[in-house]
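Listed here are the chains, written in short residue letters.
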Amino acid sequence: MHTADRPAPAAVPTQHGQPDTTEAQAEFDARIAAEGRIEPRDWMPEAYRKTLIRQIGQHAHSEIIGMQPEGNWITRAPSLKRKSILMAKVQDEAGHGLYLYSAAETLGIDRDTMTEQLIEGTARYSSIFNYPTPTWADMGAIGWLVDGAAICNQVPLCRASYGPYARAMVRICKEESFHQRQGFEILYELSHGTEAQKAMAQDAVDRWWWPSLMMFGPPDADSPNSAQSMAWKIKRFSNDELRQRFVDMTVPQSEVLGLTLPDPDLKWNEDRGHYDFGEIDWTEFKEVLKGRGPCNHLRIANRKAAHDNGAWVREAASAYAAKQSRRTADAYQEAS
Ligand code: FAQ
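The following paragraphs examine the structure supplied in this document.

Rules used in this analysis
Residues numbered from 1 in each chain as written. Predicted model: local features only at pLDDT ≥ 70, side-chain atom pairs only at ≥ 80, totals over all residues. Heavy atoms only, no water. Helix = DSSP H or I, 4+ residues; strand = E, 2+ residues; numbered from the N terminus. Rg over C-alpha atoms; globule rule 2.2 N^0.38 Å. Buried < 20%, exposed > 50% of the residue type's maximum accessible area, 1.4 Å probe, protein only. Contact = heavy atoms within 4.5 Å. Lys, Arg positive; Asp, Glu negative; His and termini not counted. Charge placed at Lys NZ, Arg CZ, Asp CG, Glu CD. Phe/Tyr/Trp six-rings, centres within 6.5 Å; stacked < 30°, edge-to-face > 60°. Lys NZ or Arg CZ within 6 Å of the ring centre and 35° of its normal. Near = heavy atom within 4 Å. Polar contact = N/O pair within 3.5 Å; in protein donor to acceptor, adjacent residues only side chain to side chain. Areas by Shrake-Rupley, 256 points an atom, 1.4 Å probe, with all protein chains shown as cover. Nonpolar A, V, L, I, M, F, W, Y, C, P; charged D, E, K, R; others polar. Axes fitted to C-alpha atoms, helices over the stretch in contact; angles between N-to-C directions. Parallel < 35°, antiparallel > 145°, perpendicular 65-115°, else oblique. Left-handed = near helix turned anticlockwise from the far one by under 90°. Salt bridge = Lys/Arg side-chain N within 4 Å of Asp/Glu carboxyl O. Patch = residues over 30% accessible without salt bridge, like charges linked within 9 Å, V, L, I, M, F, W, Y side chains within 5 Å.

Quick look at the overall build of the protein now. Of the regular secondary structure elements, the protein holds 13 helices and 2 strands. For a compact globule of 336 residues, the expected C-alpha radius of gyration is about 20 Å, and the protein comes in at 22 Å, within 12% of that figure. Residue burial in the protein is summarised as follows: out of 336 residues, 47% are buried. A separation of at least 24 residues holds for 78% of the contacts in the protein among residues at least 6 apart in sequence. Seen as two clouds, the 38 positive and the 46 negative side-chain charges of the protein have centres 4 Å apart.

Now for the packing of aromatic side chains. With the rule as written, the count across this model stands at 10 aromatic pairs. Ring geometry for Phe28 versus Trp43: centroids 6.2 Å apart, planes at 80 degrees, classification edge-to-face. With Phe28 in helix α1 (residues 22-33) and Trp43 in the loop between α1 and α2 (46-65), this residue pair connects regions lying 15 residues apart in the sequence. For Phe28, a relative accessible area of 3% puts it in the buried group. An angle of 85 degrees between the planes, with centres 5.5 Å apart, marks the rings of Tyr48 and Trp232 as edge-to-face. Taken together, the residues span a long stretch of sequence, with Tyr48 in helix α2 and Trp232 in the loop between α9 (226-231) and α10 (239-257) at a distance of 184 residues. Taking the relative accessible area as the measure of exposure, Trp232 reaches 11% and is therefore buried. Of the aromatic side chains, those joined through ring pairs into one cluster are Phe28, Trp43, Tyr48 and Trp232. Just above the ring of Trp73 sits the side chain of Arg76; from NZ or CZ to the centre is 4.0 Å. Positioned over the ring face of Phe237 is Arg245, at 4.3 Å from the centre of the ring.

Let us look at the site of the ligand. Around the ligand there are 36 residues in total, and Gln58, Ser127, Ser223, Lys235 and Asn239 lie nearest to it. Arg54 places a side-chain nitrogen or oxygen 3.1 Å from an oxygen atom of the ligand. Considering the ligand on its own, with 1,100 Å² of exposed area, one finds that the protein chains cover 91% of that surface. A class-by-class count of the residues in the shell around the ligand yields 14 nonpolar, 13 polar and 9 charged.

Attention now moves to the packing of helix α4 (residues 80-105) against helix α7 (residues 163-191). Packing of α4 against α7 brings their axes to within 10 Å, and their N-to-C directions diverge by 160 degrees. It follows that α4 is roughly antiparallel to α7 by the angle criterion. Of the two elements, α4 crosses α7, and the hand of that crossing is left-handed. Classifying every residue of the contact of α4 with α7 by side-chain character gives 11 nonpolar, 3 polar and 9 charged.

This part is about the side chain of Asp110. Mapped onto the elements of the fold, Asp110 is located in the loop between α4 and α5 (111-120). Note on Asp110: relative accessible area 5%, which makes it buried. Reaching out from Asp110, the side chain makes a polar contact with the backbone nitrogen of Asp112 at a distance of 3.3 Å.

A separate point is the pattern of salt bridges. Here the idea is simple: oppositely charged side chains can pair when their charged atoms come close. For the structure on display, the rule yields 18 salt bridges. Here Glu185 and Arg82 are joined by a salt bridge, their closest N and O atoms 2.9 Å apart. With a gap of 103 residues between them, Glu185 in helix α7 and Arg82 in helix α4 connect regions that are remote in the sequence. Arg82 sits in the buried class, given a relative accessible area of 9%. Close ionic contact of Arg171 with Glu175 constitutes a salt bridge, the shortest N to O distance being 3.3 Å. Highlighted residues: Arg171 and Glu175, both in helix α7, separated by 4 residues, approximately one helical turn. Judged by relative accessible area, Arg171 falls into the partly exposed class, the value being 48%. It is possible to trace a salt-bridge network through shared partners that takes in Glu70, Lys89, Glu93 and Asp147.

With that out of the way, let us pick up unusual backbone geometry. Positioned with a positive phi, Glu35 is a non-glycine residue whose angle comes to about 65 degrees. By secondary structure assignment, the location of Glu35 is in the loop between α1 and α2. For Lys233, which is not glycine, the phi dihedral falls at a positive 60 degrees. Mapped onto the fold, Lys233 is located in the loop between α9 and α10.

This paragraph deals with a negative patch on the surface. Judged by side-chain charge, Glu105, Asp112, Glu116 and Glu120 come together as a negatively charged surface patch. Looking at the negative patch, the element that brings in the most residues is α5, giving 3 residues. By relative accessible area, Asp112 is classed as partly exposed at 38%.

What follows is the structure in structure tokens.
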């Protein structure tokens, strides 16, 4: 059943048609100012709820679509050990999607609606998952760079003001750390292997570096949502601050790997205490967001096919749940 067809869940106070009360707003503002948590039953401004549904929904979709580039390599992993690690990682991503869809559901939207929006192409997911994975080294680059960027972006979300989101992020971040380490380790082995293996690792890093920087979103000056999200303490740092943190963390790691980051302008700036880096191709970013990245169509088509193929499982699960609830009701009636 879709959100539009049913009343808002009892746990979620709805303000539809009612003016926001000054007192409730003041209480909300005070809680945010005091670093308190907003919980599903608490009053919240409608715009805060919508922003959270947007961000958590996009995040959930990213995890689910993000399984595809790596899923592509499960059957072709170079050893049993690599295969089991990759399977565990992709399963973790499915789990992250589930925690996040559940967190979004506490705000009054249901998962069917979110899934429909994804399949219809009206919901966003991270630009990064629209790039192809032609070689095994891409598994290393995704782990090292994409999960590395995800950690930089997501650790501050463990302190997001909305309780269910912040709590989901704690476990997600722990698992992302393992993902990043396994990616680094794949690249380390390749870069210390044969010439051909090192070249494969370098090629993957060349392809994933710039898209990883784009994951943090548009520059602060072009980020329409940042100021309000930071005022509400959903986001704790701006897109550019987190991007810089990622660059500063990653450059020394690239030296350990013996791989080069594909940016001639990358250099340490003594005055700023940070690495300077080159201009990001924002035209490419906008093209990917408009659905014109290398794999946008494939990702959505695969997701839709998986959803259609799973229809019988959802039907069976619903029939089983209905049967169980009838049995419980009958047992209750007999006992009373
Ligand atoms: N891709 O005003 P802002 C992962 C959109 S999970 C696509 O700055 P905001 C794990 C943005 O939605 C990766 N769209 O927006 C993994 C907005 O559009 P809208 C996902 C993007 O929300 C690893 C518009 O541009 N992580 O990697 C992107 O304040 C390996 C204007 O932007 C999260 O979702 C983008 N890169 O900041 C899985 C983390 N950037 O909705 C598998 C949570 C921006 O107004 C394998 N999310 N847009 O139409 C966030 O931290 C924030 O939502 C940002 C964007 C920082 C992504």
